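Coordinate inspection notes
Here are the chains, one letter per residue:
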Amino acid sequence: MSGLLPDLRAFARFLTRDVTAADDLVQDTVVRALAAHASFQPGTNLKAWLFTIERNAFYEQMRRKRREVRLLSEQMPVVEPQSPEAYRRGDLSDLQRVLWTLPPLLREALVLVGAQELSHEEAARICGVPVGTMKARVSRARSQLARTMGDGRTEG
């Protein structure tokens with residue numbers, strides 16, 4: 001199977017048009033192929049079998065991303081930011097309240113990576129998403145928190 005990795009990478013880059021996403025897709029393909037090795041019929045085309053797995057994984061990821069975008073856009077609450085002074089007090093209840101205004105997927109990501117101190121990889125495994133998706137969720141969560149809180153941090 002290792003001899004087919006360049007072909008899998010090339011096909012993945014064609015599908016994703018992104019080097020990092022392509023590498024993630026190849027990794028996902030190899031993991032799926034190893035898990036389903038018993039279903040491969042000897043004497044058939046291994047490359048075609050792997051490409052089928054890769055293509056199916058790609059379209060599954062695309063459906064998941066569309067669903068996530070739809071959920072995120074539906075669940076984005078309209079939150080009026082408070083004055084920066086209100087947040088400078090360091091009131092934990094304010095942070096907790098603002099945290100609960102995040103959409104569930106973003107809140108989950110931030111809690112796993114921030115509060116639980118898991119790596120992006122561990123959090124991604126828990127949520128069943130690619131690492132890049134987890135990193136994007138954490139980044140969006142942090143950005144939304146900063147906007148909501150008016151980025152009222154003092155320097156120092």
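Residues numbered from 1 in each chain as written. Predicted model: local features only at pLDDT ≥ 70, side-chain atom pairs only at ≥ 80, totals over all residues. Heavy atoms only, no water.

The name an unreviewed UniProt entry assigns to the chain is RNA polymerase sigma factor, from the organism Lichenicola cladoniae. Recorded in UniProt for the chain, the comment headed Sequence similarities (unreviewed entry) runs: "Belongs to the sigma-70 factor family. ECF subfamily." (UniProt positions renumbered as here; feature names shortened; annotations may be inferred.)

On to the overall build of the chain. The number of helices and strands found in the chain is eight helices and zero strands. For the chain, the succession of helices and strands along the chain, N to C, is α-α-α-α-α-α-α-α. Across the 156 residues of the chain, 31% fall into the buried class. Long-range contacts, defined as pairs at least 24 residues apart, comprise 59% of the intrachain contacts of the chain with a sequence gap of at least 6. Accessible surface computed for the chain: about 10,000 Å², of which carbon and sulfur atoms make up 55%. (Helix = DSSP H or I, 4+ residues; strand = E, 2+ residues; numbered from the N terminus. Buried < 20%, exposed > 50% of the residue type's maximum accessible area, 1.4 Å probe, protein only. Contact = heavy atoms within 4.5 Å. Areas by Shrake-Rupley, 256 points an atom, 1.4 Å probe, with all protein chains shown as cover.)

Next up on the list: the side chain of E68. Tracing the chain through its elements places E68 in helix α3 (residues 46–75). Apart from the residues within four sequence positions on either side, E68 is in contact with L105, V129, T133 and R137.

Averaged over the chain, the pLDDT score is 81; the fraction of residues at 70 or greater is 83%. Per-element mean pLDDT across the chain ranges from 51 in helix α4 (residues 84–88) up to 95 in helix α2 (residues 19–35). (pLDDT = per-residue confidence, 0-100.)

Inspection of every chain in the model, using the stated rule, returns four aromatic pairs. Ring centres 4.6 Å apart and planes at 5° place the aromatic pair F11 and F51 in the stacked group. Of this pair, F11 sits in helix α1 (residues 5–16) while F51 is found in helix α3, placing the two residues 40 residues apart along the sequence. Owing to a relative accessible area of 22%, F51 belongs among the partly exposed residues under this scheme. (Phe/Tyr/Trp six-rings, centres within 6.5 Å; stacked < 30°, edge-to-face > 60°.)

Tracing the sequence through the fold places K65 in helix α3. The class of K65 is partly exposed, set by a relative accessible area of 39%.

This next bit is on the side chain of R107. For R107, the position within the fold is in helix α6 (residues 104–115). A relative accessible area of 15% places R107 in the buried class. Apart from residues no more than four positions distant in its own chain, R107 is found in contact with L99, W100 and L102.

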